[in-house]
Amino acid sequence: MMPFIDLATQRERIREQLDATLSKIINEGRYIFGPEVTELETRLAEFGQASHALTCANGTDAISLPLMAWEIGPGDAVFVPSFTFASTAEVVALLGATPVFVDILPDTYCMDPDSLAASIEWAKGEPGLTPRAVIAVDLFGQPADYPAISTLARSNGLKLIADSAQGFGCTLNDQHPVAWADIATVSFYPAKPLGCYGDGGAVLTNDDELAHLIKSLRNHGEGEARYAYDRIGMNSRLDTLQAGVLLAKLDVFADEINGRNRGAALYRRGLSNAVKTPVVIDGGVSVWAQYTIEVADRDGFRAKLGEAGVPTAVYYPVPIHVQQPYAKYPQAPGGLPATEAAMSRVVSLPMDAYLESGRGAQVVEAVRNAL
Ligand SMILES: Cc1ncc(COP(=O)(O)O)c(C=O)c1O
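Residues numbered from 1 in each chain as written. Predicted model: local features only at pLDDT ≥ 70, side-chain atom pairs only at ≥ 80, totals over all residues. Heavy atoms only, no water.

Caption draft 1: Geometry of the site of the ligand. Near the ligand, the surroundings consist of 15 residues, among which Gly59, Thr60, Asp163, Gln166 and Ser187 are the closest. With respect to the ligand, the side chain of Ser187 contributes an N or O atom lying 2.7 Å from an oxygen atom. Relative to its free-state accessible area of 390 Å², the ligand is covered by the protein chains to the extent of 93%. Among the elements of the structure, helix H3 (59-69) and helix H4 (87-94) are those that each provide at least two residues to the shell around the ligand. (Near = heavy atom within 4 Å. Polar contact = N/O pair within 3.5 Å; in protein donor to acceptor, adjacent residues only side chain to side chain. Areas by Shrake-Rupley, 256 points an atom, 1.4 Å probe, with all protein chains shown as cover. Helix = DSSP H or I, 4+ residues; strand = E, 2+ residues; numbered from the N terminus.)

Caption draft 2: Molecular detail of the sheet that holds strand E1 (residues 52-56). In space, the 7 strands of this open sheet follow the order E1-E8-E7-E5-E4-E2-E3, with mixed pairing throughout. The sheet is open, and its two borders are formed by E1 and strand E3 (98-102), each paired with just one other strand. Adjacent strand axes in the sheet meet at a mean angle of 25° when their direction is disregarded. Helix H6 (residues 146-155) contacts strand E4 (130-137) and strand E5 (159-163) of the sheet and is inclined by roughly 150° relative to E5. (Pairing = 2+ DSSP bridges. Axes fitted to C-alpha atoms, helices over the stretch in contact; angles between N-to-C directions. Contact = heavy atoms within 4.5 Å.)

Caption draft 3: Inspection of the pairing of strand E7 (residues 183-187) at higher detail. Counting buried residues in E7 gives 5 out of 5 residues, a clear majority hidden from the surface. Covered by surrounding structure in E7 are Ile183, Thr185 and Ser187 together with Ala184 and Val186, the residues of both alternating faces. Where E5 and E7 come together, 3 bridges link them in parallel fashion. Note on E7: the bridge partner recorded for Ala162 is Ala184. (Buried < 20%, exposed > 50% of the residue type's maximum accessible area, 1.4 Å probe, protein only.)

Caption draft 4: Main features of the nonpolar core. Ranked by internal contacts, the top residues of the largest apolar core, which has 63 residues, are Leu44, Phe79, Leu116 and Val134. Both domains that meet at this core, namely domain 1 (7-247) and domain 2 (252-370), each give it at least three residues. Apart from the residues lying within four places of it in its own chain, the contact partners of Val134 are Phe79, Met111, Leu116, Ile149, Ala153, Leu158, Lys159, Leu160 and Ile161. The next biggest cluster of nonpolar side chains, apart from the first, holds 31 residues, and it includes Ala97, Val203, Leu210 and Leu336. (Core = buried A, V, L, I, M, F, W, Y, C linked by side-chain atoms within 4.5 Å. Domains from an automatic or database assignment.)

Caption draft 5: Representation of the domain arrangement of the protein. When the domains of the protein are assigned, the result is domain 1 (7-247) and domain 2 (252-370). Using C-alpha coordinates to define each centre, domain 1 is positioned 23 Å away from domain 2. Of the residues lining the interface, 47 residues belong to domain 1; the matching set on domain 2 comes to 42 residues. For the pair domain 1 and domain 2, the summed buried area comes to about 3,700 Å², and 64% of that belongs to carbon and sulfur atoms. Joining domain 1 to domain 2, the criterion identifies 1 salt bridge. Of the charged contacts, one joins Asp255 and Arg13 as a salt bridge, the two residues approaching to 2.7 Å between their closest N and O atoms. At the boundary of domain 1 with domain 2, the tally comes to 19 residue pairs in polar contact (both at pLDDT 80 or more). Top contributing element to the side of domain 1 that touches domain 2 by residue count: E3, with 5 residues. For the side of domain 1 that touches domain 2, the per-class residue count stands at 26 nonpolar, 15 polar and 6 charged. (Buried area = accessible area lost by both parts, 1.4 Å probe. Salt bridge = Lys/Arg side-chain N within 4 Å of Asp/Glu carboxyl O. Nonpolar A, V, L, I, M, F, W, Y, C, P; charged D, E, K, R; others polar.)

Caption draft 6: Just helix H1 (residues 7-28), in detail. With 22 residues, H1 extends only 27 Å from end C-alpha to end C-alpha; this falls clearly short of the ideal 32 Å at 1.5 Å per step. A maximum bend of about 65° is found in H1 at Ile14. Buried within H1 are the following residues: Gln10, Ile14, Leu18, Thr21 and Ile25. Elements in contact with the buried residues of H1: helix H2 (35-47) and helix H8 (240-271). Capping the start of H1 is the job of one residue whose side-chain oxygen sits 3.2 Å from the backbone nitrogen of Ala8: Asp6. The positive-phi residue at the C-terminal boundary of H1 is Gly29, with phi of around 80°. (Expected span 1.5 Å × (residues − 1). Bend = angle between axes of the 7 residues up to and from the residue.)

Caption draft 7: The pairing of strand E11 (residues 346-349), seen in detail. Burial of E11 is two-sided: the residues Val346 and Ser348 facing one way and the residues Val347 and Leu349 facing the other way are all buried. Of the strand pairs in this sheet, strand E10 (residues 291-294) and E11 are connected by 4 bridges, and their pairing is antiparallel. When the bridges of E11 are listed, Thr292 appears paired with Ser348.

Caption draft 8: Molecular detail of the packing of helix H9 (residues 298-307) against helix H11 (residues 359-370). Relative orientation of the contacting elements H9 and H11 amounts to 135°, with a least axis distance of 9 Å. In this view, H9 runs oblique relative to H11, as classed from their interaxial angle. By crossing handedness, the relation of H9 to H11 is classed as right-handed. Between H9 and H11, the contacting residues are Phe301, Lys304 and Leu305 on the first element and Ala366, Val367 and Ala370 on the second. Counted by class, the contact of H9 with H11 contains 5 nonpolar, no polar and 1 charged residues. (Parallel < 35°, antiparallel > 145°, perpendicular 65-115°, else oblique. Left-handed = near helix turned anticlockwise from the far one by under 90°.)

Caption draft 9: Here's a closer look at the packing of aromatic side chains. Counting across every chain of the model gives 13 aromatic pairs. Aromatic side chains Phe47 and Phe168 sit 5.6 Å apart centroid to centroid with 40° between the ring planes, which places their arrangement in the tilted category. Note that Phe47 is positioned in helix H2 and Phe168 in the loop between E5 and strand E6 (171-172), a separation of 121 residues in sequence. Phe47 gets classed as partly exposed once you look at its relative accessible area, which sits at 23%. When the centroid spacing of 5.7 Å and the interplanar angle of 75° are considered together, the rings of Tyr109 and Phe140 count as edge-to-face. Here Tyr109 is found in the loop between E3 and helix H5 (113-124), whereas its partner Phe140 is found in the loop between E4 and H6, with 31 residues between them in sequence. Take Tyr109 and Phe140: they sit in the same class, and that class is buried. Members of the aromatic cluster, joined through ring pairs, are Phe83, Tyr109, Phe140, Tyr315 and Tyr316. (Phe/Tyr/Trp six-rings, centres within 6.5 Å; stacked < 30°, edge-to-face > 60°.)

Below you can see the structure in the form of C-alpha cells.
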C-alpha cells in the first residue's frame, strides 16, 4: 500500500537541517520558550502576512484562546460549520457557549454565507442568546468565502475566526485569511500541510490587544511579573523541539505548496471527466490538506482502491451536528442539506507535495479503473 501522506520523502529532504536544529536545541536545553519558538513566530507572521503570530499547544487551543480573550461563554452564540473536525464546535461548547451549526456550499464544502445570514437572524430573535462570533473553516486547505462572511460578521458586530487548521498558507486574491478575520488559527498536527512531529498550533492576528491577551492566556494568564497572574489561562505552549521541526519545514513550505498544487492539477487532468473533482473559490489558492472527490458507492470504491494499493480516507463520515453530544445545539433555519448530502459521498485521495514521482499517476489509474 502506498502512503496516504508521504512524510518520508519530506523528511529526507530536510534531514540535514532537522538534525542540526534538533541537536542544537537538545544541547542548549531551553526546551520551553527557547529562541527557536520566537524565531518561528517571526517567520510564521511573515509567511502569513500578519503583524503577530503566537504559537500554542495545538490547533484546538488556538481556537479556544481568542474565544477566551473575548470572554465568550454561557448565553453566547458562535456560528460554526458542521462539516469540519470536532474542535471547531467543541471549544465553543467547552466554554459553555452555544455552537449554532451552519450549512456549507456544496462545491467548496466551506461555510455557506446565506445559511450564516439566516442563522444570525434566527439567533438575534432567540431569548437568552447573544450572537458573538463566527468561526469559518478553511476546509481541505482552501480559503472560505471571506469577503462575504466578513461582511456579515462586521455588519452584525460579530468577531470572526478563520479556523485555518488545515489551511495555513492558503490565499484568496493573494491575501491570507487574516486579512478578513480578527484572527486565523493553525494546527501543526503531523498530517497537516505544515505539520510538526507531535502536537502544535498557532494564531495569527493584526490585533495588538488580542495578541497581548493571548500571549498571557496561553501561559496560565501570566502578568508582567513572574508568578503574577492577570487572568485565568491555560498551559498551551509549543515546545522548542517542535519549533525546530517547523523551522526546517518552513524552509521548503512555499515550494511544497506549489508541489501540492501540481499534484492537484495532475489529479484534475486525470479525473475531472470521470468524477466530481474539487472546486476552489475564484481567486483562491488551496494548500490541499485533502484532495476530496465524490462517489456514489463509497464503500465499493474504497475497497477497489485498497485492492490496487491506494489508501483513501473519509473526512467526514458523520458531521458534528448529528453526533450525540452536539445534537442538542441549534442548526441553521432550513437545516444543513448540503452537509448531509456530502457526508455520504466524499472520499479523499493521497495528497502531499511529492505526487509527481509516479504515485499520482498510479492513483489516477486506480480511481479510473474503480469507477
Ligand atoms: C478544521 C480543524 N480545526 C481544528 C483542528 C484541531 O487541531 P489540533 O488537532 O491541532 O488540535 C483540526 C485538526 O485536526 C481541524 O482539521
